[in-house]
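# A look at the structure
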Amino acid sequence: MTQYNRRQFIKQGSQATLAAGVGMSILPNIASAEIVNTYAQQPLPYAYNALEPYIDATTMDIHYNKHAAAYAKNLAEACAAENVNTQTVSLDNLMQSIGKYSAKMRNNGGGHFNHEFFWKCMKPGSTGGPNGKLLTAIQQSFGSVDGFKTKFADAAKSRFGSGWAWLVQTPNGQLVCGSTPNQDNPLMDISELKGKPLLGLDVWEHAYYLKYQNKRPDYITNWFNLVDWNFVATQFVS
Ligand code: MN
């Protein structure tokens, strides 16, 4: 181990062990390990009506208390049935080995992770846009912030059926937009799109149908007003 790698290893702690094991420089040393890494559903960080007029209070209430709560509950059941020790196996690490578990674990583990992440991707009131190193990376990858929004929106619009759109940082450090089906996410070993999630958008109909009905593109366009760019910056590894 070189001096540099040794320093990195110490800095990154035990997560680096697995990163080295799977040959990825960014995964899974991810900031979200500290931010979104609990099996219990966390309190919504704002009121149900705080995201209006872009997302209505009823949608948020049902989304958080029914859909997301069910994923957390069913994940707990799957962990008990499949002997996952939630005290020692981090949620991130569960995602990275999800292929060896049941469909129930995959659907609800992904569902729980994705929703906990999603709530944090949004914030009432504008946070402006990306800045600093994140802005530079977005400009390098997509030409401009508008170029990024177009790519992200395309990924969200073209996901057939239920799923998620993502901005991810790939293991080689590139930023890419893509989508995953159902409740899969880019941390999962079985996912086609792989990387560290920086931003995620729920495009299941339950996330928007009460207000937008079939108009998913309108939901996506409006949703950009809610993005918490400070949160995205905390997920970005510069
Ligand atoms: Mn949802």
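Read on for a plain summary of the structure. (Residues numbered from 1 in each chain as written. Predicted model: local features only at pLDDT ≥ 70, side-chain atom pairs only at ≥ 80, totals over all residues. Heavy atoms only, no water.)

In this section: unusual backbone geometry. For the peptide bond that leads from Glu 52 to Pro 53, omega is 10°, which places it in the cis range. Checked against the element boundaries, Pro 53 lands in the loop between helix H3 (32–35) and helix H4 (57–81). If you check the backbone angles, Asn 83 has positive phi at about 55° while not being a glycine. By secondary structure assignment, the location of Asn 83 is in the loop between H4 and helix H5 (91–96). Residue Gln 213 is not a glycine yet carries a positive backbone phi of 50°. If you trace the backbone, Gln 213 turns up in the loop between helix H9 (209–212) and helix H10 (216–223). Note on Gln 213: relative accessible area 31%, which makes it partly exposed. (Helix = DSSP H or I, 4+ residues; strand = E, 2+ residues; numbered from the N terminus. Buried < 20%, exposed > 50% of the residue type's maximum accessible area, 1.4 Å probe, protein only.)

In a packed pair of helices, the relevant descriptors are the angle between the two axes and the axis-to-axis distance. Where H4 meets helix H6 (residues 103–121), the closest approach of the two axes is 8 Å, and the angle between their N-to-C directions is 140°. Between H4 and H6, the interaxial angle falls into the category oblique. Relative to H6, the crossing made by H4 is left-handed. Contact residues: H4 offers Met 60, His 63, Tyr 64, Ala 68, Ala 70, Tyr 71, Ala 72, Asn 74, Leu 75, Glu 77, Ala 78 and Cys 79, while H6 offers Lys 104, Met 105, Asn 107, Asn 108, Gly 109, Gly 111, His 112, His 115, Phe 118 and Trp 119. Of the residues that constitute the contact of H4 with H6, the class distribution is twelve nonpolar, eight polar and two charged. (Axes fitted to C-alpha atoms, helices over the stretch in contact; angles between N-to-C directions. Parallel < 35°, antiparallel > 145°, perpendicular 65-115°, else oblique. Left-handed = near helix turned anticlockwise from the far one by under 90°. Contact = heavy atoms within 4.5 Å. Nonpolar A, V, L, I, M, F, W, Y, C, P; charged D, E, K, R; others polar.)

As a further point, take the packing of aromatic side chains. Counted according to the given criterion, the structure contains 17 aromatic pairs. Measuring from centroid to centroid gives 6.1 Å for Phe 117 and Trp 166, while their planes differ by 45°, and the two rings are tilted. Placement of Phe 117 in helix H6 and of Trp 166 in strand S1 (residues 163–169) is noted, with a sequence separation of 49 residues between them. The pair formed by Phe 117 and Trp 166 is uniform in burial state, with each residue classed as buried. Here the aromatic rings of Phe 142 and Phe 148 are separated by 5.6 Å at their centres, their planes lie at 55°, and the arrangement is tilted. For Phe 142, a relative accessible area of 14% gives the class buried. Taking NZ or CZ as reference, Lys 211 lies 5.9 Å from the ring centre of Tyr 212, over its face. (Phe/Tyr/Trp six-rings, centres within 6.5 Å; stacked < 30°, edge-to-face > 60°. Lys NZ or Arg CZ within 6 Å of the ring centre and 35° of its normal.)

Distances from the manganese ion to its protein donors, His 63 (NE2), His 115 (NE2), Asp 202 (OD) and His 206 (NE2), fall within 1.9 to 2.1 Å. Here the donor residues of the manganese ion share one chain and are spaced in sequence as H-x51-H-x86-D-x3-H. Neither Asp 202 nor His 206 differs from the other in exposure class; each is buried. (Donors = N, O, S within 2.8 Å, 3.2 Å for Na, K, Ca; no water.)

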